[in-house]
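# Secondary and tertiary structure notes
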Amino acid sequence: THPGITGIHYLRSLDHLSTSGAGSGDDSSKMLPRILSLYIFIHCSPLGVTGLAQNRRRHRPLCHSSSDLLEDPSDIEPFSRLSSIKACNIAGLGPSVEVTFSGRARLVAVTGESGTGKSLLVSKVLGLATGAKFSSSILSTSKPAVAEVSAIIHEPHLSSFATSLEIHGIDSSEILCVDEDGGCEIHLRRTLIHNERSGRTTTTCSINGRNVSVKTLRELTAHLFTRVDVAVASQALGRPAARLTILDRGVPEHLLIDCANKRDDYKAAKRKRESIEGELKSRVLPQNIRGSKDDLDEDQIEMMRHWVDELDSFELRVATFVQNTIAQDGELGVSLKMLRNASWVSEQADTNEDFSLFNCILNLRDGLRVTQSQLESSQMAYESLASVRDFSAQIALENTRKILYEVCTDDRGQIFEAVERTHELLNAAEIAIEECARSIDGDLIQILEKRAHTGINIDALEGLIGDWNGLSRKHGIASELLPKCHKTLREELDGDVKALNQWPKAKEDERRAREAYSASCAELSNARLAVSVTLTEKVSQLLPSLGLDRSTLEITLKHRSGGLADPYTGPESLGVDIADFVLLHRNVPGESDGASQAKGGNVEKVGSSGEKSRLLLAMESVLPGSIGTICSNVGTIDVRMKSDPICVVYDEIDAHVGGRAATTMTELLREQRKSSHIIAITHAASLAAKADQHIVVERWSDGEVGPATRAYPVEGHDRRREVARMAAGNLVPNEAEKF
């Protein structure tokens, strides 16, 4: 009934008394005096309920229930979060393991002994479910390996994800179903099936039951879930493009979109100008004609008309020759098909001379020569066999028969039987010679004669090739280029050189596009400079609390070679900037004559593992999602989908850090939970103690399945005992738990 009392204050106070009483052996009968004391305190103390609540916040136990660590659990509004991760048949985790995250916990600590599979279960499985690459070593059995992730998304992530679906051609209304709280559940599933015979692994992916490709899955979820791996992020800092990606997280989206569009426009204009110039360079004119029609006198123009008429007639002659050819089979048929498909000015001839009409004619001539040679050889073989059949072979067979008649005069006996068998063989030999002759004359020669019947006279073909070479020599060009010379002469004579007409406009369009892109790059550079100044200032302010008392971060920007005059259009990064992250350490006064002198270098070169971890967390705190982006394997994320991530998973971000710095890192993570769901895989007791939810991962075995992994939340005494284990191991468990 007190006007300042609220239910939450009263319940928290009772909870404080009951917890302290339970530790000293009080029973329920001794609780009434405490409650009465609380009543008297509330009504009589000038401190009142508000003071009690504030005092309790200052001196609350290090580890308590999850609700105590949240500011106002009863007033928590729905927020985008990761709700569960599940793995089946993944090596190192066992048949099935699932970890579920509380709907009210914004900062979750995942702890356990080394080797229990914390990173594998949380970070790696999340990566698998969102389309990351994998190693075949995770496939432990012949059974399919499955990675599943469930999340609840609210605005602004809901609109961002819907936009992402539409960009990939997926109707968001078929995937998303918004509940009464304005949230939407998304379920990601990826199944890996390994074929031991082929050694290949097939993958199927789905979002809320809708099958998608791995690439689509990866691109759809890259901006929703961030996995910060210190080793990967530290290595990424060595890439200039990654450093710019960090800065771009603080750049307004419309600048990035505008710059990307202007870059694409400039690249398109540049390609068009280069294409026109390439066409102009590929124009073929006779050696004695230089320049355009405007540079020629009347005699030269008249000569050009004569050449065009001459080549017009020759083109018609070639076309008539091609039309009179007859299709055939075999290699000669292929040459005929290529000839009939080729044109006077073949587009393919520009890139491959084998497709030019002239070369097709040469190939046909060579094929005809081969066929003619084969036909002549076959006729010679037939004539040779015929002469053998008519003269020598016939005489030899008859002489042999006469001699055999003289050998045997009887009509029975062994000699008679032997002579009869010989006569039969001689008859067979005579029949075989007859069949050979018929085969050559009836089959082989007929096939070759039919193949040679192409409607082409070899002499006429040779004459055509000779005239073609003669015209080419006349104009001083290669034979393959004669049709192109004909086309160029005609265009020049008609004043219809499209490339010449288009080139001035293409060059002007490129200039304007370059200027527009340069202006956009300059604007983007200014925005990046502003972000770098802010990031330098805020990160440097955090460094002393992270144990880097006399250290500062300096971010410098410079232009690429070419600068704004010739802006960079490559795929590595957007704009013309190169960013360097420099870590400087100032001397302690009295150490040297130059007390204010700073030493250091690029972070990726001079920073230790602990320094990099602290810098990465500080930068992620100032620019949420920046470090996770450089850890992603997606590449450049569409700026239309740029938003703070739903969930950030830190994989031992506090490794190599201890003491005051570790405590500060914990506070930074607690601050980050205001914008994203934070899951920290950690060995730091201070972080585990101040998390909203504490999950333990451990190895176990039931004797049937074998070693496996399980994950479960801990609270109260179990949580204090886990934090004590993290702080002291098994050395002084009781003292550590009291602490």
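Quick note: structure is the one above.
## Regarding the overall build of the protein
When you go through the protein residue by residue, the secondary structure sums to 25 helices and 15 strands. Contacts in the protein between residues far apart in sequence, at least 24 positions, make up 73% of those at least 6 positions apart. When the accessible surface of the protein is totalled, it reaches about 38300 Å², and 51% of it is carbon and sulfur.

## Description of unusual backbone geometry
Along the chain, E155 connects to P156 via a cis peptide bond; the corresponding omega equals 5°. Checked against the element boundaries, P156 lands in the loop between β4 (145–153) and α6 (157–167). Even without glycine at this site, N89 takes up a positive phi of about 60°. Looking at the element boundaries, N89 is found in strand β1 (residues 81–90). Overall, the relative accessible area of 17% leaves N89 in the buried class. Even without glycine at this site, E652 takes up a positive phi of about 55°. With respect to the element layout, E652 can be found in the loop between β12 (647–651) and α22 (659–672).

## A word on helix α10 (residues 240–248)
Burial analysis of α10 places 7 of its 9 residues in the buried class, which makes it a mostly covered element. Within α10, the full set of buried residues consists of A241, A242, R243, L244, I246, L247 and D248.

## Considering the nonpolar core
Of all hydrophobic cores here, the largest spans 64 residues; its most connected members are F581 and M619. Sort the elements by how many residues they give to this core and helix α18 (residues 498–542) lands first, with 8 residues. The residues touching F581, leaving out its near neighbours within four places in the chain, are L237, R243, I246, L247, L553, E554, I555, G601, N602, V603, E604 and M619. Counting residues in each nonpolar core, the second largest holds 50 residues, with I85, A87, L165 and V649 among its members.

## A few points about the packing of aromatic side chains
We describe a pair of aromatic rings using the distance from one ring centre to the other and the angle between the two ring planes. A complete count under the given rule lists 5 aromatic pairs for this structure. An angle of 80° between the planes, with centres 5.6 Å apart, marks the rings of F314 and W468 as edge-to-face. Highlighted residues: F314 in helix α12 (residues 298–323) and W468 in helix α16 (residues 458–475), separated in sequence by 154 residues. On the basis of relative accessible area, F314 is assigned to the buried category, the value being 5%. The class for W468 is buried, based on a relative accessible area of 1%. Seen from their ring centres, W344 and W468 are 5.4 Å apart, and the 50° between their planes marks the pair as tilted. You can see W344 sitting in the loop between α13 (330–341) and α14 (357–407) and its partner W468 sitting in helix α16, a full 124 residues away along the chain.

## As for the packing of α12 against helix α17 (residues 482–494)
Between α12 and α17, the shortest axis-to-axis distance is 10 Å and the interhelical angle comes to 135°. Taken together, the axes of α12 and α17 lie oblique to each other. The handedness of the crossing between α12 and α17 is left-handed. Side by side, α12 and α17 meet where I301, M304, R305, W307, V308, L311, D312, F314 and E315 of the first sit next to L482, H486, L489, R490, E492 and L493 of the second.

## Here we look at the pairing of β1
Across the 10 residues that make up β1, a large majority, 9, are buried. Across 7 bridges, β1 lies against β4 in antiparallel orientation. Bridge pairing links R81 to I152 in β4. Where β1 and strand β2 (residues 94–100) come together, 6 bridges link them in antiparallel fashion. In the sheet register, C88 faces β2, and the bridge partner there is S96. Hairpin connection from β1 to β2: 3 residues lie between these consecutive antiparallel strands, with G92 at a positive phi of about 90°.

## A closer look at the pattern of salt bridges
Under the criterion given, the structure shown has 30 salt bridges. A salt bridge links R210 to E174; the shortest N-O distance between them is 3.5 Å. On the criterion of sequence distance, the pair formed by R210 in strand β7 (residues 210–212) and E174 in helix α7 (residues 172–175) is long-range, its members being 36 residues apart. Overall, the relative accessible area of 32% leaves R210 in the partly exposed class. R528 is the salt-bridge partner of D248, the closest N and O atoms lying 2.8 Å from each other. Of this pair, D248 sits in helix α10 while R528 sits in helix α18, placing them 280 residues apart in sequence. The pair formed by D248 and R528 is uniform in burial state, with each residue classed as buried. One network of salt bridges, in which partners are shared, links R365, D366, R369 and E462.

## Some details on the sheet that holds strand β13 (residues 677–681)
Read from one edge of the open sheet, 6 strands run β8-β12-β13-β3-β14-β15, paired in mixed fashion. Lying at the two open borders of the sheet, with one neighbouring strand each, are β8 (225–229) and β15 (708–713). Between one strand axis and the next, the sheet turns by 20° as a mean value, whatever way the strands run. Judged from the 6 bridges that link them, strand β14 (residues 693–700) and β15 form a sheet pairing that is antiparallel. Bridge pairing links V697 to A711 in β15.

## A closer look at helix α5 (residues 118–129)
Over its 12 residues, α5 extends 16 Å from the first C-alpha to the last, a length consistent with the 16 Å expected when each residue adds 1.5 Å. In terms of burial, α5 is a largely internal element, 9 of the 12 residues being buried. Taken together, the buried positions of α5 are K118, L121, V122, S123, V125, L126, G127, L128 and A129. Just downstream of α5 lies G131, where phi reads positive at about 95°.

## As for the sheet that holds β2
The sheet built from 6 strands is open, its strands ordered β2-β1-β4-β5-β6-β7 with antiparallel pairing. Each edge of the open sheet carries a strand with a single partner, namely β2 and β7. Between one strand and the next, the sheet's axes are offset by a mean angle of 15°, whatever the strand orientation. Running at roughly 130° to β4, α6 makes contact with β4, β5 (184–194) and β6 (201–207) of the sheet.

## Concerning a nonpolar patch on the surface
A cluster of nonpolar side chains, namely I403, V407 and I415, defines an oily patch on the protein surface of about 300 Å² accessible area. With respect to the helices, strands and loops of the structure, I403 is situated in helix α14.

Conventions and cut-offs
- Residues numbered from 1 in each chain as written.
- Predicted model: local features only at pLDDT ≥ 70, side-chain atom pairs only at ≥ 80, totals over all residues.
- Heavy atoms only, no water.
- Helix = DSSP H or I, 4+ residues; strand = E, 2+ residues; numbered from the N terminus.
- Contact = heavy atoms within 4.5 Å.
- Areas by Shrake-Rupley, 256 points an atom, 1.4 Å probe, with all protein chains shown as cover.
- Buried < 20%, exposed > 50% of the residue type's maximum accessible area, 1.4 Å probe, protein only.
- Core = buried A, V, L, I, M, F, W, Y, C linked by side-chain atoms within 4.5 Å.
- Phe/Tyr/Trp six-rings, centres within 6.5 Å; stacked < 30°, edge-to-face > 60°.
- Axes fitted to C-alpha atoms, helices over the stretch in contact; angles between N-to-C directions.
- Parallel < 35°, antiparallel > 145°, perpendicular 65-115°, else oblique.
- Left-handed = near helix turned anticlockwise from the far one by under 90°.
- Pairing = 2+ DSSP bridges.
- Salt bridge = Lys/Arg side-chain N within 4 Å of Asp/Glu carboxyl O.
- Expected span 1.5 Å × (residues − 1).
- Patch = residues over 30% accessible without salt bridge, like charges linked within 9 Å, V, L, I, M, F, W, Y side chains within 5 Å.

Coordinates in, geometry out; function isn't part of it.
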